[in-house]
Amino acid sequence: MNLVAFSIKTKGLRNFARRLWTVFARFGFSDRRTRADLLAIVRAVQRAGSAPTFFIPAVVLARHPDLIADIARGGAEFGIHGYVHNDYRALSQTRQYEQTKQAAAIFQRSHIAYAGFRNPYLGWTNDSVVVFAKLGMLYDSNEAVHYPVIDLTRLPRGLRSGYTKSLELFQAIACTDYTLRPHFEGTLLRLPTSIPDDEMLYDRLRITNVRCIGAIWRQMLERTYELGGLYVLNLHPERGLLCLPALECLLASARQQPLRVWLAQLAEVAQWWRDRCQFALRLLPLGPRQWQVEASCSAHATILVRHLVVEDQPAIPWYGPDAVVRAQSFTVSAARCPCLGLTPETPDEVVAFLREQGYPACRAPRVEANDYALYLDLSDGLGATRDERISRRGALVRQIETLEAPLVRFGCWPDQARAALAITGDIDSVTVQDFFLRVIETGDMGDRLGTPR
């Protein structure tokens, strides 16, 4: 399917026609407008203490290497956004591998470092996960997590249809404690992308009041903060100046939260999560209802306790029932062992998942079930299909996070941060020419050959 047919299918004819008009309004025949948009985003995020992450198709990078090099020297991270801007769901695993490898080669020749991948249209498949792992990607950012901030019942039918098409296109999943966290699938670390993004709000729902957009993004951040997750904003640079007040509103809201919101690039988030997954908690019994806690972790780890007494270190109130302990070795007393017990039949995947999530767990006989904060019988594992895995893992994380029992665990983010925020953007085109070249580059012949024309 070529770009025109695909766009009409996913946007609708009226939205596609409107999109063509905006191309000439937002892009020029030189890189001047896009440069201004990119710099506006970079400077806003830098004033807040970090830098953004941008994704760009390799052919667009090849046409504008000087612009991208300038933005990278300014501190921005870059990731791959396909070889061309095509839907990976239409490609076999072999073709995905070939195109991703071609894209990586262009980044390398252009001396633009990359660590991650975001698919055009967030159009990933299980084959994509295999391909990215084979090619050594640190992470991908393709799983669309949908926040229920739009009342669809109040939308006109046409706008509601366009918004629904977006959710289907992005394979959106619901916003929960679990889906807002990074997670591993094999060796690939998967980071969420938060929606609705700027394109869905500004173009599909036609919310052009940037104060309204800022309020929506602030609401999404507050939900992320409540759940202790990662908010990955996707702001396409073509709307960078248009949506700059909304971005500044979001960044101000992050600064105003009672606990720290960690503002970081996606590569930083990915490296932190990989490091964090190596952390470990050991609970050594000292006597009746008393344990020595030994944490193997970095100095930046957030160690949390609830519903117990820390005997030899300060326990600083943090969020809800949780308190922070800054020492890596301390003694606690509690009615039960403050970790999770698992049946002997529990498969290794469950143990690995709990450790990734920061929860200490051990197998124990069923007769000792009452000795633990929570005793789990998960002999069936965490599910076979994607829907099952999301449902079971989400329910398990929610059960543990709301547990009214003694527990020691690692928080998700460094240095006692409650939540994390990353500002990202997809540079689909730099000029008007780039946009219309996509029609050629994503043509049917290119898809059949596995190499875009």
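Conventions and cut-offs
Residues numbered from 1 in each chain as written. Predicted model: local features only at pLDDT ≥ 70, side-chain atom pairs only at ≥ 80, totals over all residues. Heavy atoms only, no water. Helix = DSSP H or I, 4+ residues; strand = E, 2+ residues; numbered from the N terminus. Buried < 20%, exposed > 50% of the residue type's maximum accessible area, 1.4 Å probe, protein only. Polar contact = N/O pair within 3.5 Å; in protein donor to acceptor, adjacent residues only side chain to side chain. Axes fitted to C-alpha atoms, helices over the stretch in contact; angles between N-to-C directions. Parallel < 35°, antiparallel > 145°, perpendicular 65-115°, else oblique. Left-handed = near helix turned anticlockwise from the far one by under 90°. Contact = heavy atoms within 4.5 Å. Nonpolar A, V, L, I, M, F, W, Y, C, P; charged D, E, K, R; others polar. pLDDT = per-residue confidence, 0-100. 1 Å grid on protein atoms, 1.4 Å probe; cavity = no way out; pocket = protein on both sides within 12 Å on 5 of 7 lines; lining within 4 Å. Points joined across faces, edges and corners; volume = space filled by probe spheres on them.

Draft legend 1. Summary view of the side chain of Glu-238. Within the secondary structure layout, Glu-238 lies in the loop between strand 8 (230–234) and helix 11 (244–256). By relative accessible area, which is 10% here, Glu-238 ends up buried. Within the structure, the side chain of Glu-238 is placed 3.3 Å from the side chain of Arg-26, a separation counted as a polar contact.

Draft legend 2. How the structure looks around the packing of helix 3 (residues 32–47) against helix 5 (residues 65–73). Closest axis-to-axis distance for the helix 3/helix 5 pair is 11 Å, and the angle between their directions is 15 degrees. When the axes of helix 3 and helix 5 are compared, the pair comes out roughly parallel. Where helix 3 crosses over helix 5, the two elements pack in a sense that is right-handed. Seen from helix 3, the contacting residues are Thr-34, Arg-35, Leu-38, Leu-39 and Val-42; seen from helix 5, they are Leu-67, Asp-70 and Ile-71. When the residues that make up the contact of helix 3 with helix 5 are grouped by side-chain class, the tally is five nonpolar, one polar and two charged.

Draft legend 3. Representation of the confidence of the model for the protein chain within the structure. Summing up the model confidence of the protein chain, the mean pLDDT is 93 and the portion of residues at 70 or higher is 93%. Within the model, the stretch residues 444–453 combines pLDDT values under 50 with 26 contacts to residues more than four positions away or in other chains.

Draft legend 4. Representation of the layout of surface pockets. Within this model, the largest pocket holds a volume of roughly 400 Å³. Forming the walls of the largest pocket are 22 residues, and the residues nearest its centre are Leu-281, Cys-339, Pro-360, Ala-361 and Cys-362. Elements with a minimum of two residues in the lining of the largest pocket: strand 10 (280–287), strand 17 (337–342), helix 13 (348–356) and strand 18 (361–363). The dominant element in the lining of the largest pocket, judged by the number of residues it contributes, is strand 10, at four residues. Looking at the lining of the largest pocket, its residues break down into 16 nonpolar, one polar and five charged.

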